[in-house]
Amino acid sequence: MTNLTPDQEAALLTELTEVCRAAGYVVEAIDRGLEVSGEDQDEGAFYLLPDHGWLQVRCLVLDNDDLDEARDLTALFETMAKAQFRLIGCRFAFDPGTGLWLVEDLYPGFDPASAPTVMEQMAFIWSSLEELFEAALGGATPSDEAFDAAFDLEAGGPPN
């Protein structure tokens, strides 16, 4: 683990703030990091949280109200597992207090200029998967073909 000094962490947050604002995001300081959102703040936010040299980028995808509407969470967890198996480049994290998060962990020494690209990739992943997760809240586990369609992929045939 790489522990940043308080000055190094402050410098990282300052650089991330500048980079995100230059990319057109609205940035607010929060307890442990930054809240980053688009100009239309109704679309949700990303949270940039430094931890021992790593930077965790996270966005809430299903809050507790969404989860409370689910008949059963089995299909949701199966859908999460299928999405993870597809190596989407980030991971899901479930927090019983807040809900389901999409998370990317950036290693110590990452380029802060890459943060807007990471957030764009996470937004693409969630927008692609959102309908599948909504169906999962209703109890339907999506097929492989539904995952392919979510990402505009076509099956090329069976693997060799």
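Before reading further, recall that the structure is shown in the block above.
About the thresholds
The numbering scheme is per chain: residues are counted from 1 as the chain's sequence reads. Since the coordinates come from a predicted model, pLDDT governs what is reported: local features require at least 70, and pairs of side-chain atoms require 80 or more to be given and counted, while whole-chain, interface and lining totals use all residues. To obtain the side-chain values, all non-hydrogen atoms of the structure were included, while hydrogens and water were left out. If DSSP finds at least two bridges between two strands, the strands pair. Put simply, DSSP marks the helices as runs of H or I at least four residues long and the strands as runs of E at least two long, and each gets a number from the N terminus on. Fitting a line to C-alpha atoms yields each axis, with helices limited to the stretch in contact; the angle taken between N-to-C directions then spans 0 to 180 degrees. Residues count as neighbours in contact if any of their non-hydrogen atoms are within 4.5 Å of one another. As used in this structure description, the phrase polar contact means that two N or O atoms lie within 3.5 Å; if the pair is within protein, one of them must be able to donate a hydrogen and the other to accept it, and residues adjacent in sequence are counted only when both atoms belong to side chains. Here, nonpolar core refers to any group of buried Ala, Val, Leu, Ile, Met, Phe, Trp, Tyr and Cys residues whose side-chain atoms link them within 4.5 Å. Note on exposure labels: buried denotes an accessible area under 20% of the residue type's maximum, exposed denotes more than 50%, and partly exposed covers the range between, all computed with a 1.4 Å probe on protein chains only. Note on ring pairs: Phe, Tyr and Trp rings are taken, using the six-membered ring of Trp, and paired if centres are within 6.5 Å. Classes follow the plane angle, with under 30 degrees stacked, over 60 edge-to-face and the rest tilted. For a lysine, the NZ atom is tested; for an arginine, the CZ atom; a charge sits over a ring if that atom is within 6 Å of the ring centre and within 35 degrees of the ring normal.

Brief notes about the sheet that holds strand β6 (residues 99-106)
If you trace the six strands from one edge of the open sheet to the other, you get β1-β2-β3-β4-β6-β5, paired in antiparallel fashion. At either margin of the open sheet sits one strand with a lone partner, and together these are β1 (26-29) and β5 (91-95). Taken over all neighbouring pairs, the strand axes of this sheet differ in orientation by 30° on average, direction set aside. As paired strands, strand β3 (residues 45-51) and strand β4 (residues 54-63) are joined by six bridges and run antiparallel to one another. Among the inter-strand pairings, aspartate 51 is bridged to a residue of β4, identified as tryptophan 54. Sitting on the sheet, helix α1 (residues 6-22) is in contact with β1, β2 (34-37), β3 and β4, with an inclination near 155° to β3.

Some details on the environment of glutamine 56
With respect to the helices and strands, glutamine 56 occurs in strand β4. Each C-alpha atom of the pair glutamine 56 and threonine 5 lies 17 Å from the other, and the pair is 51 residues apart in sequence. Those residues within four positions of glutamine 56 in sequence are excluded, and the remaining contacts are Tyr47, Leu48, Leu49, Arg91, Val103, Glu104 and Asp105. A polar contact of 3.4 Å, which involves the side chain of glutamine 56, links it to the side chain of aspartate 105.

A closer look at the nonpolar core
By size, the foremost hydrophobic cluster in this structure holds 41 residues, and its most contacted members are Leu48, Leu102 and Leu129. Elements that contribute at least two residues to this core include exactly α1, β2, β3, β4, α3 (74-85), β6 and α4 (115-137). With 11 residues, the top contributor of residues to this core is α4. Apart from residues no more than four positions distant in its own chain, leucine 102 is found in contact with Val57, Arg58, Cys59, Val61, Ile88, Cys90, Arg91, Phe92, Met122, Ile125 and Trp126.

Observations regarding the packing of aromatic side chains
Counted under the stated rule, the structure contains five aromatic pairs. Between phenylalanine 77 and phenylalanine 94 the ring centres are 5.6 Å apart and the planes differ by 80°, which places this aromatic pair in the edge-to-face class. On the criterion of sequence distance, the pair formed by phenylalanine 77 in helix α3 and phenylalanine 94 in strand β5 is long-range, its members being 17 residues apart. By relative accessible area, which is 38% here, phenylalanine 94 ends up partly exposed. A centroid spacing of 6.0 Å and a plane angle of 55° characterise the contact between phenylalanine 124 and phenylalanine 151, whose relative ring orientation is tilted. Here phenylalanine 124 is found in helix α4, whereas its partner phenylalanine 151 is found in the segment after α5 (144-150), with 27 residues between them in sequence. One cation-aromatic arrangement involves arginine 58 over tryptophan 101; the distance from NZ or CZ to the ring centre is 4.7 Å.

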